[in-house]
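Letter by letter, the chains look like this.
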Amino acid sequence: MKPSWIVFFFPVLFTSCQWMSARLPNEQQLLEEELNKIDWTKVDLYPSVVSCDSIFDEESRKECFFAYIREELEANFRVDTLRGTFAHIDTLNILVTIQPDAQVSLVLYQLNDSLKQHLKSVDSLLQEKSKTLRNLSPAMKRGVPVTSQFVLPLVLHKQ
């Protein structure tokens, strides 16, 4: 009787270990689930400048950053030689792109027909300003620097 008992329970012993082992989820499936959870249209931390880094509230830090960029750009458009050039325009939409390495690109967004004749002067101002905006830190997504883009309406003050 003893040999038959060993022959019967020996195969059950080896197969029962497989029943109790926890099934590991598929690595590809886990990756896909995690990628689907991420909202790729938003960043965890907006771009910032040194003067805004001390602000802890995210919304206030974001507003501080946009105010900084707006002030820097408005300073260029207040130059006396351009005052008459934009007499008929009150707002410029500027596409601001900040790369992960903190490189800044400024481009006019949705050009008006009346602005196309002054495109070279505006582009040269934006290119000049993009070279001087170097103390920016890029946006972050899950601790990794990412490219961020936003449209900044720049109100031209009539003087």
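Residues numbered from 1 in each chain as written. Predicted model: local features only at pLDDT ≥ 70, side-chain atom pairs only at ≥ 80, totals over all residues. Heavy atoms only, no water.

1. Brief notes about helix 3 (residues 58-77)
The end-to-end C-alpha distance of helix 3, which contains 20 residues, comes to 29 Å, matching closely the 28 Å that a straight helix rising 1.5 Å per residue would cover. Of the positions making up helix 3, those classed as buried are Arg61, Lys62, Phe65, Phe66, Tyr68, Ile69, Leu73, Glu74, Asn76 and Phe77. (Helix = DSSP H or I, 4+ residues; strand = E, 2+ residues; numbered from the N terminus. Expected span 1.5 Å × (residues − 1). Buried < 20%, exposed > 50% of the residue type's maximum accessible area, 1.4 Å probe, protein only.)

2. Here we look at the packing of aromatic side chains
Tallied over the full model, the rule gives three aromatic pairs. Considering the side-chain rings of phenylalanine 65 and phenylalanine 66, the 5.8 Å spacing of their centres and the 50 degrees angle between planes classify their relative orientation as tilted. For the pair shown, phenylalanine 65 and phenylalanine 66 are each scored as buried. With a centroid separation of 4.8 Å and an interplanar angle of 65 degrees, the aromatic rings of phenylalanine 66 and phenylalanine 150 are classed as edge-to-face. In this pair, phenylalanine 66 sits in helix 3 while phenylalanine 150 sits in strand 7 (residues 148-155), placing the two residues 84 residues apart along the sequence. Across the pair, exposure class does not vary: phenylalanine 66 and phenylalanine 150 are buried alike. Ring pairs connect the aromatic residues Phe65, Phe66 and Phe150, which therefore count as one cluster. (Phe/Tyr/Trp six-rings, centres within 6.5 Å; stacked < 30°, edge-to-face > 60°.)

3. So, the environment of aspartate 123
In this fold, aspartate 123 is placed in helix 4 (residues 119-132). The spacing of aspartate 123 and leucine 106 is 17 residues in sequence and 8.4 Å in space, taken between C-alpha atoms.

4. A few points about the pairing of strand 3 (residues 104-108)
A one-sided burial pattern is seen for strand 3, the buried positions being Val104, Leu106 and Leu108 and the unburied ones Ser105 and Val107. Looking at chain direction, strand 2 (residues 91-98) and strand 3 are connected through five bridges and run antiparallel. Bridged to threonine 97 within strand 3 is serine 105. Between strand 2 and the antiparallel strand that follows it, strand 3, lie five residues; alanine 102 among them carries a positive phi value of about 70 degrees. (Pairing = 2+ DSSP bridges.)

5. Comments concerning the sheet that holds strand 7
One open sheet holds the three strands; their spatial order is 3-2-7, and the pairing between them is antiparallel. Each edge of the sheet is formed by a strand with only one pairing partner; in this case those strands are strand 3 and strand 7. Going across the sheet, the axis of each strand differs from the next one's by a mean of 25 degrees, ignoring polarity. Looking at chain direction, strand 2 and strand 7 are connected through eight bridges and run antiparallel. Along strand 7, the bridge assignment pairs isoleucine 94 with leucine 152. (Axes fitted to C-alpha atoms, helices over the stretch in contact; angles between N-to-C directions.)

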